[in-house]
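# A structural walkthrough
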Amino acid sequence: MTGVDPCEAVGEPIRISTVRLLFIASMCMTVALMSANVTLVSGDYRGALAIALVGIIAADLCCAVAFARGGWASWVSVVLAAPSLWIFADLARRGPHVW
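### Some thoughts on the overall build of the protein chain
Along the protein chain, the regular secondary structure elements total five helices and zero strands. The buried share among the 99 residues of the protein chain stands at 31%. A sequence separation of at least 24 residues applies to 76% of the contacts in the protein chain between residues at least 6 apart. A total of about 6800 Å² of accessible surface is found on the protein chain, and carbon and sulfur atoms cover 71% of it.

Set out below in structure tokens:
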């Protein structure tokens, strides 16, 4: 033990770079689009739609942070967040029949 309080040892909060945020958003949106477009033989879409919902929420949160930072990233985040409208519409159409 060094006698240093862990709360005092932590300095500034970790700030993820904007490029990394947009990369994470694009990966989450890709997973969400793949999950929303899957066709299952069993017809049980609960898992696929839940993964799609979590993916678009994570992607939209990353895009919102990048948009709030401004600059060139705001336009990229708007383009990356656009497919979430289609996924939300698909969830609204198929969701009541699944759950």
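### Things to note about the nonpolar core
Met29, Ala32, Ala36, Tyr45, Leu49, Ala52, Ile56, Ala59, Ile87, Leu91 and Val98 together form the largest nonpolar core, which totals 11 residues. Taken together, the elements giving at least two residues each to this core come down to helix H2 (18-36), helix H3 (46-69) and helix H5 (83-98). In contact with alanine 32, other than residues within four places in its own chain, are Ala52, Gly55, Ile56 and Ile87.

### Things to note about the side chain of serine 84
With respect to the secondary-structure elements, serine 84 resides in helix H5. By relative accessible area, which is 4% here, serine 84 ends up buried. Other than its neighbours up to four places away in sequence, serine 84 contacts Met29, Ile56 and Asp60.

### Comments concerning the side chain of aspartate 90
Take aspartate 90: it is sitting in helix H5. Among the polar contacts listed, one links the side chain of aspartate 90 to the side chain of arginine 93, at a separation of 2.8 Å. Here aspartate 90 is in contact with Ala36, Leu49 and Gly95, once residues within four sequence places are set aside.

### Concerning the packing of aromatic side chains
Overall, the coordinates contain zero aromatic pairs when judged by the stated rule. The ring centre of tyrosine 45 lies 4.8 Å from the NZ or CZ of arginine 94, which sits over that ring.

### Quick notes on the pattern of salt bridges
This structure, assessed with the given rule, holds two salt bridges. As a salt-bridge pair, aspartate 90 and arginine 93 come within 2.8 Å of each other at their nearest N and O atoms. One end of the pair, aspartate 90, and the other, arginine 93, are both in helix H5, three residues apart, so they sit about a helical turn from each other. The residue aspartate 90 makes a salt bridge to arginine 94 at a minimum N-O spacing of 2.8 Å. Pair noted here: aspartate 90 and arginine 94 are both in helix H5, with a separation of four residues, about one helical turn. Using a relative accessible area of 7% as the deciding quantity, one classes aspartate 90 as buried. The class of arginine 94 is buried, set by a relative accessible area of 13%. Connected through shared salt-bridge partners, Asp90, Arg93 and Arg94 make up one network.

Rules used in this analysis
Residues numbered from 1 in each chain as written. Predicted model: local features only at pLDDT ≥ 70, side-chain atom pairs only at ≥ 80, totals over all residues. Heavy atoms only, no water. Helix = DSSP H or I, 4+ residues; strand = E, 2+ residues; numbered from the N terminus. Buried < 20%, exposed > 50% of the residue type's maximum accessible area, 1.4 Å probe, protein only. Contact = heavy atoms within 4.5 Å. Areas by Shrake-Rupley, 256 points an atom, 1.4 Å probe, with all protein chains shown as cover. Core = buried A, V, L, I, M, F, W, Y, C linked by side-chain atoms within 4.5 Å. Polar contact = N/O pair within 3.5 Å; in protein donor to acceptor, adjacent residues only side chain to side chain. Phe/Tyr/Trp six-rings, centres within 6.5 Å; stacked < 30°, edge-to-face > 60°. Lys NZ or Arg CZ within 6 Å of the ring centre and 35° of its normal. Salt bridge = Lys/Arg side-chain N within 4 Å of Asp/Glu carboxyl O.

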